[in-house]
Amino acid sequence: MNGYSPEIGGIFVFRGSLAAREEHSLPIWGYAGLGRHHDVIEVFRGNWALLCGDGIAPHVGRACYPGTGILPCMTASSLSLAADKTLLRQLMAIDTTSGQPSDPALKVIAEKLQAAGCEVHRLEGAADGRGNLIAIAGPVGLEGGLTLSGHIDTVPAGEGWSSDPRTLIERDGRWYGRGSCDMTGFVAMATNLLAEAASLQRPLALVLTADEELGSIGAGALVDQAAKLPPLPKSCIVGEPTSLRIVRLHKGHLKFTITVSGATGHTGTPVSGVNAIDGLRHALNSIEAERSRLEELRTKESAAFFRVPFPVLAPVRLSAGCAWNVIPSEASVDIGLRVLPDQCASDVLDDIRTALAAAMQGWPLAWSLEIYNDNPPMCTQRGAEIDVACRALVGQDQDIGVSYCSDGGHLTKLGLECVLFGPGDIAVAHRPDEFVPIEDMVQARGYLKRIISARCGGNS
Ligand SMILES: [Zn+2]
């Protein structure tokens with residue numbers, strides 16, 4: 001059947017091109033790709049038009065063209081999925097690489113949430129233009145409710161993509177593009193969930209941070225501004241890509257640099273200087289010994305870390321010297337320390353420092369150990385309200401800890417109890433051809449709607 005069915009909000013199938021949008025006067029408030037053989041769904045005020053192929057212009061609500069017809073009315077979930085895709089596409093097109101301004105993407109989100117009646121706070125981050133955002137739907141400040149959290153930044157697009165990393169491509173049941181999985185897909189969904197929420201009895205908050213991929217720098221800024229923040233529901237879901245598993249633990253990541261001073265001179269006459277690399281060798285031997293010691297260590301939470309149940313100490317970058325014939329006057333190594341969630345990073349670092357001091361005792365010149373950044377571990381107790389609620393939701397009994405970091409550690413410092421839970425697999429994050437399975441997005445949305453409904457009431 002061809003035609004227009006306003007009662008059921010029917011879908012028009014036109015043979016038309018995207019450029020044809022310009023030829024009609026109805027305002028378009030969004031669009032999203034859907035379906036295997038159709039590129040784009042155009043969303044007009046209350047009406048849906050599915051455009052497929054190229055050719056003549058569509059005239060919305062007026063006519064159909066040969067070979068087209070009305071599809072079954074869209075279900076609420078497919079409409080929501082289309083809205084998530086629309087926003088993800090929009091956000092993905094903005095360069096949100098860590099260190100770049102987060103404001104353009106946050107502006108899109110803020111405007112959408114303000115229009116939906118949410119309370120929106122734009123907050124300063126580590127630098128100009130790299131702020132964070134907190135939005136709240138429903139009654140602010142009441143007990144209970146739920147906080148959703150995500151980072152707005154992504155790692156650099158990098159090389160090796162099959163398609164433009166800033167253009168959302170749908171292929172084989174997946175949405176491809178930088179951030180689709182880690183974690184703009186979740187950010188788009190969470191934003192829409194707030195915008196859609198109605199008649200909430202308890203608050204539903206959204207915390208979006210900048211520069212997570214640089215070591216949760218934006219979340220750290222939130223901790224620094226704790227006194228200025230609006231009240232946030234204590235139970236929090238951080239939407240990192242966990243393949244829809246509930247993760248209540250992650251390690252911390254403390255980054256530090258050891259620098260050893262030498263004295264420059266001509267390499268032909270070694271006694272004319274002091275080679276800093278010799279000193280760094282002592283330091284690296286000490287780090288190696290500490291690494292072996294830590295690999296034997298187990299804590300109560302080790303069991304949740306199946307593959308790497310111990311703290312990790314990893315030298316990652318060396319620098320020294322300037323020429324073949326010049327004795328290096330300085331040598332340094334950058335090291336990452338990933339402590340278990342129930343360890344105190346500063347205690348572990350004190351041990352490392354003590355061992356290092358012993359190893360460097362005979363070194364005639366200066367050396368130093370300086371912390372670059374400390375991303376705290378996330379250690380939500382088994383049995384915490386959010387842990388229990390999320391486990392019940394997905395039917396998971398197993399404890400899972402992960403070795404990557406999130407904003408969850410800093411959010412814990414704000415008094416929140418966090419679990420990680422989100423669509424997509426961390427294994428495809430930070431790589432070319434990053435993608436999120438559409439089925440994960442559908443399921444995540446279903447789970448989140450249920451938990452919002454249970455914790456905040458109203459219609460989400
Ligand atoms: Zn992430």
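Residues numbered from 1 in each chain as written. Predicted model: local features only at pLDDT ≥ 70, side-chain atom pairs only at ≥ 80, totals over all residues.

(A) Fine view of the sheet that holds strand 13 (residues 253-261). The sheet built from four strands is open, its strands ordered 14-15-13-16 with antiparallel pairing. Every interior strand has two partners, whereas the edge strands, strand 14 (312-320) and strand 16 (367-375), have only one. Averaged over all pairs of adjacent strands, the angle between their axes in this sheet comes to 20°, without regard to strand direction. Here strand 13 runs beside strand 15 (residues 330-338); their pairing, made up of eight bridges, is antiparallel. Following the sheet pairing, leucine 254 is matched in strand 15 by leucine 337. (Pairing = 2+ DSSP bridges. Helix = DSSP H or I, 4+ residues; strand = E, 2+ residues; numbered from the N terminus. Axes fitted to C-alpha atoms, helices over the stretch in contact; angles between N-to-C directions.)

(B) Spatial organisation of the packing of helix 3 (residues 184-196) against helix 9 (residues 438-456). Their axes nearest at 11 Å, the elements helix 3 and helix 9 cross at an angle of 40°. On the basis of the axis angle, helix 3 is oblique to helix 9. For the pair helix 3 and helix 9, the sense of crossing is right-handed. Contacts from Gly185, Met189 and Leu193 of helix 3 reach helix 9 at Met441, Ala444, Arg445, Leu448 and Ile452. Of the residues assigned to the contact of helix 3 with helix 9, the class counts are six nonpolar, one polar and one charged. (Parallel < 35°, antiparallel > 145°, perpendicular 65-115°, else oblique. Left-handed = near helix turned anticlockwise from the far one by under 90°. Contact = placed C-beta atoms within 7 Å. Nonpolar A, V, L, I, M, F, W, Y, C, P; charged D, E, K, R; others polar.)

(C) Spotlight on unusual backbone geometry. Residue methionine 183 follows aspartate 182 across a cis peptide bond; omega there is -15°. Looking at the secondary structure, you find methionine 183 in the loop between strand 9 (174-176) and helix 3. At serine 199, a residue that is not glycine, the phi angle is positive and equals roughly 55°. By the element assignment, serine 199 lies in the loop between helix 3 and strand 10 (204-209). With a phi close to 55°, serine 243 is a non-glycine residue in the positive phi region. Within the secondary structure, serine 243 is located in the loop between strand 11 (235-238) and strand 12 (249-250). Serine 243 gets classed as partly exposed once you count the C-beta atoms within 10 Å, which come to 15. (Buried ≥ 20, exposed ≤ 12 C-beta atoms within 10 Å, placed from the backbone.)

(D) Representation of helix 7 (residues 385-394) within the structure. Those residues of helix 7 that fall on the buried side of the exposure criterion are Ile386, Asp387 and Cys390. Projection of helix 7 onto a plane perpendicular to its axis shows the buried side chains occupying an angular sector of 100°, all on one side. Pointing more than 90 degrees away from the buried face of helix 7 are the exposed residues Val388 and Ala392. Taken together, the buried residues of helix 7 touch strand 11, strand 19 (417-420) and helix 9. Glycine 395, located one to two residues past helix 7, shows a positive phi value of around 70°. (Arc of directions from axis to C-beta.)

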